[in-house]
Amino acid sequence: MPPERTADGRWIVVDGRRWRATDPELPEEVRAELQHHLGKARAAVRTARAADDPQAVLAARRRVDLAKHGLGERGEPWWEQDAATRERRWTEALEALTDRLP
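What counts as what
- Residues numbered from 1 in each chain as written.
- Predicted model: local features only at pLDDT ≥ 70, side-chain atom pairs only at ≥ 80, totals over all residues.
- Heavy atoms only, no water.
- Pairing = 2+ DSSP bridges.
- Helix = DSSP H or I, 4+ residues; strand = E, 2+ residues; numbered from the N terminus.
- Phe/Tyr/Trp six-rings, centres within 6.5 Å; stacked < 30°, edge-to-face > 60°.
- Lys NZ or Arg CZ within 6 Å of the ring centre and 35° of its normal.
- Polar contact = N/O pair within 3.5 Å; in protein donor to acceptor, adjacent residues only side chain to side chain.
- Contact = heavy atoms within 4.5 Å.

With that out of the way, let us pick up the pairing of strand 3 (residues 17–20). In the sheet, strand 2 (residues 11–14) pairs with strand 3 via four bridges, with the strands oriented antiparallel. Within strand 3, the position partnered with Val13 by the bridge is Arg18. Hairpin geometry of strand 2 and strand 3 is characterised by an intervening segment of two residues between the two adjacent antiparallel strands and by a positive phi of about 50° at Asp15.

Right, let's get into the packing of aromatic side chains. The tally for this structure, following the rule as stated, stands at two aromatic pairs. A ring pair is formed by Trp78 and Trp79, whose centres lie 5.0 Å apart and whose planes are at 85°; its orientation type is edge-to-face. An aromatic cluster is defined as three or more aromatic residues linked by ring pairs; in this entry it consists of Trp11, Trp78 and Trp79. Its guanidinium or amino end placed over the ring of Trp11, Arg18 lies 4.0 Å from that ring's centre, counting from NZ or CZ.

Counting through the fold element by element, Arg89 comes out in helix 3 (residues 83–99). Polar side-chain contacts of Arg89 include one of 2.8 Å to the side chain of Asp23. Each residue touching Arg89, except ones within four places of it in the same chain, is listed here: Asp23, Leu26, His69, Gly70, Leu71, Gly72, Trp78 and Gln81.

In structure tokens form, the structure reads like this:
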């Protein structure tokens, strides 16, 4: 079941806390790829923490941040961006994430 959304669609509500929603203009394949990168990056954070490797934790957190920016969940709000800026945001995030693959 999808999370509750605010009336304007800009936020999801989880356990009473508001979180910025993913940009609804993202093409489905781009959204899926960014979410895949986000999941792998979050797993890398867990692995690096378990290994007590601060450098790896930092690198993995940077990948989480890139994916979240690409999804529109961080940085300048997607509803304040024009279409070209939004597309550039997710394209640059995907390029950076692809360049950082092991």
